[in-house]
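Secondary and tertiary structure notes
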Amino acid sequence: MVIESYSDLIAAAQQQPEPQRLLFVLAKAELPQDATASQQARFAEQQGGALEPVLCVDKLPEEVTDFNVLVAESNRTGMDWDIAFIASMEGRAGHPPSSDEAEQPLTLMVNKIKAGSIADFVTVNKQGELLQLFA
């Protein structure tokens, strides 16, 4: 299945043979303190900067069928973010992974994002639009 929207992602997760748990790392675009004039200009045009993870959460697909649910929940934390990185975990024997089981994969996601290894994740902006980021 080709994923062209957040709805496609949810549908794909729900169609898997084993139940899924979705992993979300929400990141804020930041400008490094030692940024050059060129980097500052690109950042102003929303074309550059560093992505710093600020929130992590795991959800069952049915808990976040509407992306606005995730946005509303994140708004209650008071943490601002620009990009959501999304991955999934497969369950076993008809049971989805638990939140405890999601903790280590979420940590690994944060580390990958900080290292610029983002190719394995679906990325969406705060409006739920899929993005293609280049590291």
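Details of the structure are given in the entry above.
The rules behind these values
Residues numbered from 1 in each chain as written. Predicted model: local features only at pLDDT ≥ 70, side-chain atom pairs only at ≥ 80, totals over all residues. Heavy atoms only, no water. Helix = DSSP H or I, 4+ residues; strand = E, 2+ residues; numbered from the N terminus. Buried < 20%, exposed > 50% of the residue type's maximum accessible area, 1.4 Å probe, protein only. Lys, Arg positive; Asp, Glu negative; His and termini not counted. Salt bridge = Lys/Arg side-chain N within 4 Å of Asp/Glu carboxyl O. Polar contact = N/O pair within 3.5 Å; in protein donor to acceptor, adjacent residues only side chain to side chain. Contact = heavy atoms within 4.5 Å. Pairing = 2+ DSSP bridges. Axes fitted to C-alpha atoms, helices over the stretch in contact; angles between N-to-C directions. Phe/Tyr/Trp six-rings, centres within 6.5 Å; stacked < 30°, edge-to-face > 60°.

Quick look at the side chain of Asp 8 now. With respect to the helices, strands and loops of the structure, Asp 8 is situated in helix H1 (residues 6-14). With no salt bridge to any partner, buried Asp 8 finds its closest opposite charge in Lys 59, at an N-O distance of 22 Å. Engagement of the side chain of Asp 8 in a polar contact is seen with the backbone nitrogen of Glu 4, the distance being 2.9 Å. Setting aside residues no more than four positions away along its own chain, Asp 8 makes contact with Met 1, Val 2 and Ile 3.

For the rest of this paragraph, the subject is the sheet that holds strand S3 (residues 83-90). Ordered in space as S2-S1-S3-S4-S5, the five strands form an open sheet in which the pairing is antiparallel. Looking at which strands have only one partner, the edges of the open sheet turn out to be strand S2 (50-59) and strand S5 (130-131). Sitting on the sheet, helix H3 (residues 67-77) touches strand S1 (20-30), S2, S3 and strand S4 (122-125), and the angle it makes with S2 is about 110 degrees.

Most of S3 sits out of view: six of its eight residues are buried. Pairing geometry for S1 and S3, over eight bridges, is antiparallel. Within S3, the position partnered with Gln 20 by the bridge is Glu 90. One ladder, built from four bridges, connects S3 with S4; its direction is antiparallel. Considered in S4, the bridge of Ala 84 is made with Val 124.

In this section: the pairing of S1. Burial of S1 is extensive: eight of the eleven residues sit out of reach of the surface. Taken together, the nine bridges between S1 and S2 define a ladder with antiparallel strand orientation. Bridging from a neighbouring strand, Glu 30 pairs with Ala 50 of S2.

On inspection of all chains with the given rule, the structure shows three aromatic pairs. Residues Phe 67 and Trp 81 carry aromatic rings whose centres are separated by 6.3 Å and whose planes lie at 75 degrees to one another, so their mutual orientation is edge-to-face. Highlighted residues: Phe 67 in helix H3 and Trp 81 in the loop between H3 and S3, separated in sequence by 14 residues. Judged by its relative accessible area of 5%, Phe 67 falls in the buried class. According to the relative accessible area criterion, Trp 81 is buried, its value standing at 1%. An angle of 75 degrees between the planes, with centres 6.1 Å apart, marks the rings of Phe 85 and Phe 121 as edge-to-face. Taken together, the residues span a long stretch of sequence, with Phe 85 in strand S3 and Phe 121 in the loop between helix H4 (99-115) and S4 at a distance of 36 residues.

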